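In case you want the letters, here they are:
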Amino acid sequence: MATLRKHRNKWQSIVRVQGHPTLCKSFVSRTDAKRWATEAEIKIRREDAGVAKMHFPKFEDVARKYIEEVSILKRCHRDERYTILGLLKEAWSSYPINKIRRSTISKYKDVLGKRVSGSTVNRRLDVISTMFTTFKKEWGYPVENPVLAIRRPKKAEPRNRRFTDDELNLLIRGNHTTPELRSIIKIALETGMRLSEILRIDPRNIDGNTLKIPVAKTKPRVIPLTKEALIEIKNADLPFRLTKCALGKKFRKLCKKYKIEDAHFHDLRHQSLTNFMKDKGLNVPETMMIAGHSDPRMLLKIYNNLEAQHVANKINSKKIRVK
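Residues numbered from 1 in each chain as written. Predicted model: local features only at pLDDT ≥ 70, side-chain atom pairs only at ≥ 80, totals over all residues. Heavy atoms only, no water.

## Examining the overall build of the protein
Regarding its fold elements, the protein presents 14 helices and 6 strands. Computed over C-alpha atoms, the radius of gyration of the protein comes to 27 Å, more than 25% over the 20 Å expected from 2.2 N^0.38 for 323 residues, which places it beyond the range of a compact globule. Relative to its full complement of 323 residues, the protein shows a buried share of 41%. Residue pairs in contact within the protein that sit at least 24 positions apart in sequence constitute 59% of those at least 6 positions apart. Put simply, the protein shows about 20,500 Å² of open surface, and 51% of that area lies on carbon and sulfur atoms. Across the protein, the centroid of the 70 positively charged side chains sits 4 Å from that of the 35 negatively charged ones. (Helix = DSSP H or I, 4+ residues; strand = E, 2+ residues; numbered from the N terminus. Rg over C-alpha atoms; globule rule 2.2 N^0.38 Å. Buried < 20%, exposed > 50% of the residue type's maximum accessible area, 1.4 Å probe, protein only. Contact = heavy atoms within 4.5 Å. Areas by Shrake-Rupley, 256 points an atom, 1.4 Å probe, with all protein chains shown as cover. Lys, Arg positive; Asp, Glu negative; His and termini not counted. Charge placed at Lys NZ, Arg CZ, Asp CG, Glu CD.)

## Structural notes on the sheet that holds strand β2 (residues 10–15)
Strand pairing within a sheet occurs via backbone hydrogen bonds; the two strands may be parallel or antiparallel. Strand order across the open sheet formed by 3 strands is β1-β2-β3, with antiparallel pairing between neighbours. Each of the sheet's edge strands pairs with one partner strand only, and the pair in question is β1 (2–7) and β3 (23–27). For this sheet, the mean inter-axis angle between neighbouring strands, taken without regard to orientation, is 20 degrees. Relative to β2, β1 runs antiparallel, the two sharing 6 bridges. Along β2, the bridge assignment pairs L4 with S13. (Pairing = 2+ DSSP bridges. Axes fitted to C-alpha atoms, helices over the stretch in contact; angles between N-to-C directions.)

## Quick notes on unusual backbone geometry
The linkage connecting L238 with the following residue, P239, adopts the cis geometry, with an omega of -5 degrees. In this fold, P239 is placed in the loop between α9 (227–235) and α10 (244–257). Not every positive phi belongs to a glycine, and N9 is a case in point at roughly 65 degrees. Relative to the helices and strands, N9 is located in the loop between β1 and β2. Of note, the phi angle at D262 is positive, near 50 degrees, even though the residue is not glycine. For D262, the position within the fold is in the loop between α10 and α11 (266–278). In this structure D262 comes out as exposed when scored by relative accessible area, which is 51%.

## Some words on the side chain of E232
In this fold, E232 is placed in helix α9. Take E232: its relative accessible area is 16%, and that puts it in the buried class. Within polar-contact distance, the side chain of E232 engages the side chain of S183 at 3.3 Å. Among the polar contacts listed, one links the side chain of E232 to the side chain of K186, at a separation of 3.1 Å. (Polar contact = N/O pair within 3.5 Å; in protein donor to acceptor, adjacent residues only side chain to side chain.)

Here's what the structure looks like:
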C-alpha cells in the first residue's frame, strides 16, 4: 500500500507490501510521487504473481534448506546454524531473495555493529555471502550477492589479555572450580589447543608424548605434549561431556565468581602459545606446529605478546664480543 507525505519541502512516496522491503522515493510534484508509487506497487504485484519474472523463494525458506543440505556437511555446522537461525529473526528474512539488496544488508550491518564487535559482524556477513553464492551457483537463482557491494567494518584490535598468577591460581585451585573444568583449563594452558579440540580429545590418539588432533579448524595435526599435559590428559575423565556452549557459560560464570574481568576461554590459548615462545624458547615455526596455524602472520600478530621488558632482558642476557 502506498503512502504520500510532505517531507523537507518534497513529496515522499512510501510503498509497503508484505514480504517485501519498503520502497521510498521523494519528488517535487505530488502527481509524480503518486504515479511512481502506483507503478512500483503494480510491479511488485506482477512479480509475485509470476507475470514479470521467475518466482524467487523467501530467504527464510532457502535458509532452512541451506542448513539441512549444505551447512550440515561442514565442521562449523553448529556455529553456522546458530548464526542462520539468528538471521531468521530479522524482518528482511521474509523477503524474496532477489529483494534483499545492498541497502538491506548495509542497514543490518550498521544496526548489528552497535551491539557487537566488527569481527562478529564480519563473521555473520561471511555466512550471508556464502549463502547467496550457493543460491546463485548451485541452486540456479539469478541473484547478486548483496554482501559484496557493502563496506565491511574494521576488525577489532587483537586481544592482549594475559591472566595473572593470582587469577590462574583461582581458576585452577579455587573452591568453585569443578574437577572437570579444572582439568580442561590446565590442558588448555599446557597444550594451546582450541576449546573444541579439547572437548574432542580421545586417549587413543595419544602416541608416546604426542597427540593427534584429527578434527581441527583447518586440517588434522599432531602436537607434542609436555609432561604436565600428558599427565593431565591421562588422568582426565575422557571424553569430556560438556558442549562448547555449555563450557563457555561455565567459564564465564566462574570468572564472575572470582571477579576476574574481561576474560575469555580463548585467552588461555593465547597465553599458552605466548608462554611456549617466551618461557620455553620455541621459535615461530615450532609454535605454529602446536597452534595449527598455516600463516605465521597470525601467530606474530595475535599470540606473540612478548613484553618489551622481556625482550630487553633477553638481549642483555648474552655478552656481545666486540673485536
